[in-house]
Amino acid sequence: MVKGRKPTSTAIKEASGAFIKDPQRKNHDEPKAPRGMPKIPEAVEADEVARSRWFWVCKQLDAMNLLHETDQGLIAGYCLDYSMMLSLWEVIKGGQVTDMDEKGRSKLKPEANQFHAYSDQCLKREAELGLTPSSRSRLKAPQTEKEDEFMQWLQRGTG
């Protein structure tokens, strides 16, 4: 696994004007994922909460022009983690996060630790999918053809 900062996509670099000064740095071989609705996995289909979240996430990503067939695993993992997080919440809600051990000491329930781990994993996957405000600000979604035509017209008119 490569260490360090994640590489910035070519689309983001292009939008920020990075290639104006140094055009040879552009990655012409960057693969483009096919747009479209990924197939819902059986594990997600079987879990009612995960299935509901799957369709919600896909609807949001499609509205932002970010839904790709290759995102199936990422979306499925997010939905299953989200479902597990909610089921753990039912166990610990109301502040019942500690138990007494055999010596009478208070100890944290394993469900509380697991809830924290799943909520952390959900947040990381939400950021990968562009579902947090911070991650959305760093994305560049493909524009529709109408927007492209309008931008071309504007550019022709301004110079």
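All values reported here derive from a predicted model rather than from experimental measurement. (Residues numbered from 1 in each chain as written. Predicted model: local features only at pLDDT ≥ 70, side-chain atom pairs only at ≥ 80, totals over all residues. Heavy atoms only, no water.)

Asks: Got a minute to help me understand the overall build of the protein in this structure?
Replies: Within the protein one finds 8 helices and 2 strands. Within the protein, the fraction of its 159 residues that count as buried is 23%. Partitioning the contacts of the protein with sequence separation of at least 6, the portion at a separation of at least 24 is 59%. By element, 53% of the accessible surface of the protein is carried by carbon and sulfur atoms, the whole surface being about 11900 Å². (Helix = DSSP H or I, 4+ residues; strand = E, 2+ residues; numbered from the N terminus. Buried < 20%, exposed > 50% of the residue type's maximum accessible area, 1.4 Å probe, protein only. Contact = heavy atoms within 4.5 Å. Areas by Shrake-Rupley, 256 points an atom, 1.4 Å probe, with all protein chains shown as cover.)

Asks: How should I be thinking about the environment of arginine 136 in this particular structure?
Replies: As for its placement among the helices and strands, arginine 136 is situated in helix H7 (residues 133-137). Here the alpha-carbon distance between arginine 136 and methionine 64, two residues 72 residues apart in the chain, equals 9.6 Å. If near-sequence neighbours (up to four positions away) are discounted, arginine 136 is found in contact with Met64, Gly130 and Leu131.

Asks: Help me out: how do you make sense of the packing of aromatic side chains in this one?
Replies: Centre-to-centre distance and the angle between the planes together describe a pair of aromatic rings. Throughout the structure, instances matching the rule amount to 2 aromatic pairs. Between the aromatic rings of tryptophan 89 and phenylalanine 115, the centroid separation amounts to 5.7 Å while the plane-to-plane angle is 40 degrees, which identifies the pairing as tilted. Of the two residues, tryptophan 89 is situated in helix H5 (residues 72-92) and phenylalanine 115 in helix H6 (residues 110-129); the sequence distance between them amounts to 26 residues. What makes tryptophan 89 partly exposed here is its relative accessible area of 38%. For phenylalanine 115, a relative accessible area of 21% gives the class partly exposed. Its guanidinium or amino end placed over the ring of tryptophan 56, arginine 53 lies 4.3 Å from that ring's centre, counting from NZ or CZ. Over the face of the ring belonging to tyrosine 82 we find arginine 53, whose NZ or CZ atom lies 4.0 Å from the ring centre. (Phe/Tyr/Trp six-rings, centres within 6.5 Å; stacked < 30°, edge-to-face > 60°. Lys NZ or Arg CZ within 6 Å of the ring centre and 35° of its normal.)

Asks: Could you clarify how one ought to interpret helix H4 (residues 48-63) in this entry?
Replies: An α-helix turns once every 3.6 residues. As a result, residues three or four positions apart point the same way. The end-to-end C-alpha separation of H4 is 23 Å, in line with the 22 Å expected for 16 residues at 1.5 Å each. Those residues of H4 that sit buried are Ala50, Arg53, Trp54, Val57, Cys58 and Leu61. Buried residues of H4, viewed axially, fall in a sector of 135 degrees; they line one side. Exposed positions of H4 whose direction lies more than 90 degrees from the buried face are Glu48, Ser52, Lys59 and Ala63. At its buried positions, H4 is contacted by helix H3 (42-46), H5 and H6. The backbone nitrogen of valine 49 has a side-chain oxygen 3.1 Å away, supplied by the residue at the start of H4, namely aspartate 47. (Expected span 1.5 Å × (residues − 1). Arc of directions from axis to C-beta. Polar contact = N/O pair within 3.5 Å; in protein donor to acceptor, adjacent residues only side chain to side chain.)

Asks: Before we go on, may I ask you to explain the nonpolar core in this structure?
Replies: A general tendency of soluble globular proteins is for nonpolar side chains to be buried together. In terms of nonpolar packing, the biggest core is built from 18 residues, with Trp54, Leu61 and Ile75 touching the most fellow members. By residue number, the principal contributor to this core is H5, which donates 6 residues. With near-sequence residues (within four places) excluded, leucine 61 lies in contact with Leu66, Leu67, Ile75, Leu129 and Leu131. (Core = buried A, V, L, I, M, F, W, Y, C linked by side-chain atoms within 4.5 Å.)

Asks: What is the right way to read the packing of H5 against H6 from this model?
Replies: Each pair of packed helices can be described by the angle between their axes along with the distance between the axes. Following both chains from N to C, one finds H5 and H6 inclined at 150 degrees, their axes separated by 8 Å at the closest point. By the angle between their axes, H5 is roughly antiparallel relative to H6. Classified by chirality, the crossing of H6 by H5 is left-handed. For the pair H5 and H6, the contacting residues are Leu74, Ile75, Gly77, Tyr78, Asp81, Tyr82, Met84, Met85, Leu88, Trp89, Val91 and Ile92 in the first and Glu111, Ala112, Gln114, Phe115, Tyr118, Ser119, Gln121, Cys122, Arg125, Glu126, Glu128 and Leu129 in the second. For the contact of H5 with H6, a count of residues per class yields 15 nonpolar, 4 polar and 5 charged. (Axes fitted to C-alpha atoms, helices over the stretch in contact; angles between N-to-C directions. Parallel < 35°, antiparallel > 145°, perpendicular 65-115°, else oblique. Left-handed = near helix turned anticlockwise from the far one by under 90°. Nonpolar A, V, L, I, M, F, W, Y, C, P; charged D, E, K, R; others polar.)

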